Structure formats: C-alpha cells, structure tokens
Amino acid sequence: MNSLQINKLFKCLIHISENSNSKKRLLSSTSSLSLQPNLNLNSSLLCQPIFKRNLFQIAIDGPAASGKSTTARLVARKLNFEYIDSGAMYRTITLAALRENLNPTSLVDIHKIINIARTSKIQLITTNNGTPPSAHTSPPQPLVPKTRVIFNEEDITEEIMLPEITRNIMGIASNPGVREAIVSRQRAMAECNGYNGYNGSNINYDKEEKEKNSNSKRKQGVVMDGRDIGTVILPNANLKFFIIADPKIRAERRLKELKRIKEMENLEMSEVLADLLKRDKSDIERKISPLKMADDAILLDTSGLSIEEQVERIIKLALEKMRKSDNMRSDNSDKHLEKL
Ligand SMILES: Nc1ncnc2c1ncn2[C@@H]1O[C@H](COP(=O)(O)OP(=O)(O)OP(=O)(O)O)[C@@H](O)[C@H]1O
Ligand SMILES: Nc1ccn([C@@H]2O[C@H](COP(=O)(O)O)[C@@H](O)[C@H]2O)c(=O)n1
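Bear in mind the structure is a predicted one, so any value in this text is a computation, not a measurement.

Description of the site of ligand 2
Then, in step 1: Near ligand 2, the surroundings consist of 13 residues, among which R91, R179, D228, R279 and D283 are the closest.
Then, in step 2: Contacts to ligand 2 include D283, whose side-chain N or O atom sits 2.6 Å from an oxygen atom.
Then, in step 3: Side-chain polar atom of R286 to an oxygen atom of ligand 2: 3.0 Å apart, as the coordinates give it.
Then, in step 4: Protein burial of ligand 2: of its 460 Å² of free accessible surface, 93% is covered by the chains.
Then, in step 5: Ranked by the residues each element gives to the shell around ligand 2, the list is headed by helix 5 (residues 86-99), at four residues.
Then, in step 6: Partitioning the shell around ligand 2 into residue classes produces three nonpolar, three polar and seven charged.

If you want it as structure tokens, here you go:
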C-alpha cells in the first residue's frame, strides 16, 4: 500500500467519525480495496473498530493429521460459521517460492518470499459440496466441506497438498517476516469486514454454490485451524481447542488419505509417520509462534473418537458458550431497561 493510499484511507476514517452515514460507503469501498493484489493492508489499520465484525471465534490447533481441519470444517458447516484454513496460506507461499526457485535460507530470496506473503492475492473458498473422509467407519461419516485455494486467480487446491510442498514448508513457516505478513492477513480475515477474499473472485467455480453462499444467512462466527491460532492469531477466541491423537493413529489416517492418490499407492506407513514427526518437531521447536497449547485451550484426544463424536463435542461446548453469552447480553440489556 503506498503512502497516497494510506492517506486516502485515513481521510476516509476521519470522515466517518464525523459522519456516521458514510459508514456503509466506506465498508463497501474497503471490500474492493482489500481484494486488490499488491496491497499490504496491515490488520491493525484495517481493523479499526468500525470494520470489526464481532464473530464468535473458535480456534483449533494441534499437531499434523490430528483431525483439526476435518473437525473445523464440519463444525463450521453445522454452525453456519466461516472456516479459515490457515495452513493453506503457508502452503500457498511455499508453492509460489518453489515455482520461482526461491530458497528461504538465502537473504535475497527470503525478501522475495516475504513480498509474496505480503502482496499476493490468496482466496480461500469453502464450499459445502465436500468429499467423504478417508475413514471407513460405520455409520458412514458426513461429507467434509472442501476449501478451494485460489492464488492470483489460479486454482491451486490440489497442488499445495503435494508432499513436495509439505516437505518444504518448514523453512518458510519459521521465517519471522513471512509469519508477520501472514498473521496480519489471517487476523484481518477473521476480524474484518471486507477481507474475506471471496466476493471479488472472478474464478468461475460452482455457480450454484456461489449463489448459495451469497444468499446464505450472514455468518455468526468463525472457525480457524492451524498451529498458532489460540496463542497468536486469535488470543481472545471464545473457545480454543488443542486436538491431538496418538502418532501411529495419525499416520494410519494420513496414509489412508494419501493412498487415494494414484501416485502414492506404494507409500509406506513408516514414511508417513517419519514425515509427521519431523513436521511436528519443527513446528514445536521453531522460535516464532511455535505449536503449543494455549493456557485456556481444551485438550481433545481424537485417538478413540469417530469424526462425528469429535465434532459433536465441540458443537456442544460452542452452543453452551454461545447461549451463555446471549444470556449475559440479554441480562445486561434487561438491567439497562430497568434503569430507564
Ligand atoms: N476421528 C477420526 N477417525 C478416523 N479418521 C479421522 C478422524 N479424524 C480425522 N480423521 C482423518 O484423519 C486424516 C487427517 O485429518 P485432518 O486432515 O483433519 O488433520 P489435520 O490435523 O487438519 O492435518 P494437517 O495439520 O496435516 O493439515 C483425514 O484423512 C481425516 O479424514
Ligand atoms: N497456523 C499455522 C498453520 C500452518 N503452519 C505451517 O504450515 C504447515 C502446513 O499446515 P497444514 O495445517 O496445512 O498441514 C504446518 O506444518 C506448519 O508448518 C503454521 O506454521 N501455522
């Protein structure tokens, strides 16, 4: 964002505080602003109080293949919340760096990678027409919503899941400059109006889905999963979970999932387990935003649970908490009325 654009934004903000009628105008102009590539909008600048959308926030963290994203997507669909896949953004930056042959250990290259993290257009579009989970359990599990990842207008959903990306992510996710850029964007996605990277898409994805999404009820909350959601991205989340599972069980589940891909039919369990453990070690040991359980998070071990059971546990707690905060709000407004 250049100084001219920053000035323009500040002028708008001053104008708004003077004239509340312009609120709507600014909000709509910000949605289109935020969708332009090459704009490095800092979340604290974007998230002035008038931009804040007060959503119920559920943060889910945990090690690789513990069941975070499966659970988060289903919880979000059941509660009609927005889902944000934070790992997809690190995967996208990694893909972009690999395509341009950039090495995160080179000082020159890392600046280019940080620039990609700051300025590229990344859109996460979660649609409800999902895929079956890899677990063949009885009764059959629900379809898991899928997140399409659009990078500068290109659909890279499948490509970012390739093992080459997963293997190269560590050097990029542990870089402070990359994280700073991604953290601002992720907070803005969860907290700010006009920063969902969705409406301006000209990718021609499922028309019916697009219509359903645009007509759907306004989202009341957000579920975000990753490694630092409860500790760094959304430290004030209404509910935080740390999902774990026995490493062997995680590896078995991931193996089942990967074996569906033709090129990976011969993959060995030992290879998958070693990859998971290596990634966990790197995520836990990195200096910046390491993987760790937030003090106020609830531990959920999915080793012996079905997908449905783990989803139900989170939904139950979320509904209880939402009901409580609704009651508190109506109690407060009753008190206010009594005073009047
Ligand atoms: N309770 C469960 N029983 C059986 N399979 C499960 C269960 N929970 C999740 N899975 C399966 O385990 C695999 C890994 O789950 P998922 O992708 O949700 O993990 P994740 O924590 O998001 O992983 P990553 O951090 O690597 O993105 C998926 O194939 C999913 O269908
Ligand atoms: N909040 C996050 C999310 C992810 N990462 C890094 O990206 C890797 C891939 O994440 P997936 O959830 O898609 O498997 C992960 O291993 C982390 O290195 C992160 O640092 N912070």
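Text resumes after the structure shown.
Comments concerning helix 12 (residues 269-285)
Then, in step 1: Helix length check: helix 12, at 17 residues, gives a terminal C-alpha distance of 24 Å against a target of 24 Å (1.5 Å per residue), a fit within 8%.
Then, in step 2: Listed in full, the buried residues belonging to helix 12 are V272, L273, L276, R279, D280, S282 and D283.
Then, in step 3: Of the surrounding secondary structure, the elements contacted by the buried residues of helix 12 are helix 5, helix 7 (163-173) and helix 11 (247-258).

Details of the packing of helix 5 against helix 8 (residues 176-191)
Then, in step 1: Orientation of helix 5 relative to helix 8, taken along the N-to-C sense of each, is 140°, at an axis distance of 11 Å. Classified by the interaxial angle, the pair formed by helix 5 and helix 8 is oblique. Classified by chirality, the crossing of helix 8 by helix 5 is right-handed. Residue-level contacts link S86, M89, Y90 and I93 of helix 5 to V178, R179, I182, R185, Q186 and M189 of helix 8.
Then, in step 2: Across the contact of helix 5 with helix 8, the residue classes break down as six nonpolar, two polar and two charged.

Some words on the packing of helix 5 against helix 7
Then, in step 1: Interaxial distance between helix 5 and helix 7 falls to 9 Å at its minimum, and their mutual angle equals 100°. In terms of their interaxial angle, helix 5 and helix 7 are classed as roughly perpendicular. In this structure, helix 5 contributes Y90, R91, I93, T94, L95, A97 and L98 to the contact, and helix 7 contributes E164, I165, T166, N168, I169, I172 and A173.
Then, in step 2: By residue class, the composition of the contact of helix 5 with helix 7 is nine nonpolar, three polar and two charged.

Conventions we followed
- Residues numbered from 1 in each chain as written.
- Chains lettered and ligands numbered in written order.
- Predicted model: local features only at pLDDT ≥ 70, side-chain atom pairs only at ≥ 80, totals over all residues.
- Heavy atoms only, no water.
- Near = heavy atom within 4 Å.
- Polar contact = N/O pair within 3.5 Å; in protein donor to acceptor, adjacent residues only side chain to side chain.
- Areas by Shrake-Rupley, 256 points an atom, 1.4 Å probe, with all protein chains shown as cover.
- Helix = DSSP H or I, 4+ residues; strand = E, 2+ residues; numbered from the N terminus.
- Nonpolar A, V, L, I, M, F, W, Y, C, P; charged D, E, K, R; others polar.
- Expected span 1.5 Å × (residues − 1).
- Buried < 20%, exposed > 50% of the residue type's maximum accessible area, 1.4 Å probe, protein only.
- Contact = heavy atoms within 4.5 Å.
- Axes fitted to C-alpha atoms, helices over the stretch in contact; angles between N-to-C directions.
- Parallel < 35°, antiparallel > 145°, perpendicular 65-115°, else oblique.
- Left-handed = near helix turned anticlockwise from the far one by under 90°.

Taken by themselves, the reported measurements are silent on function.
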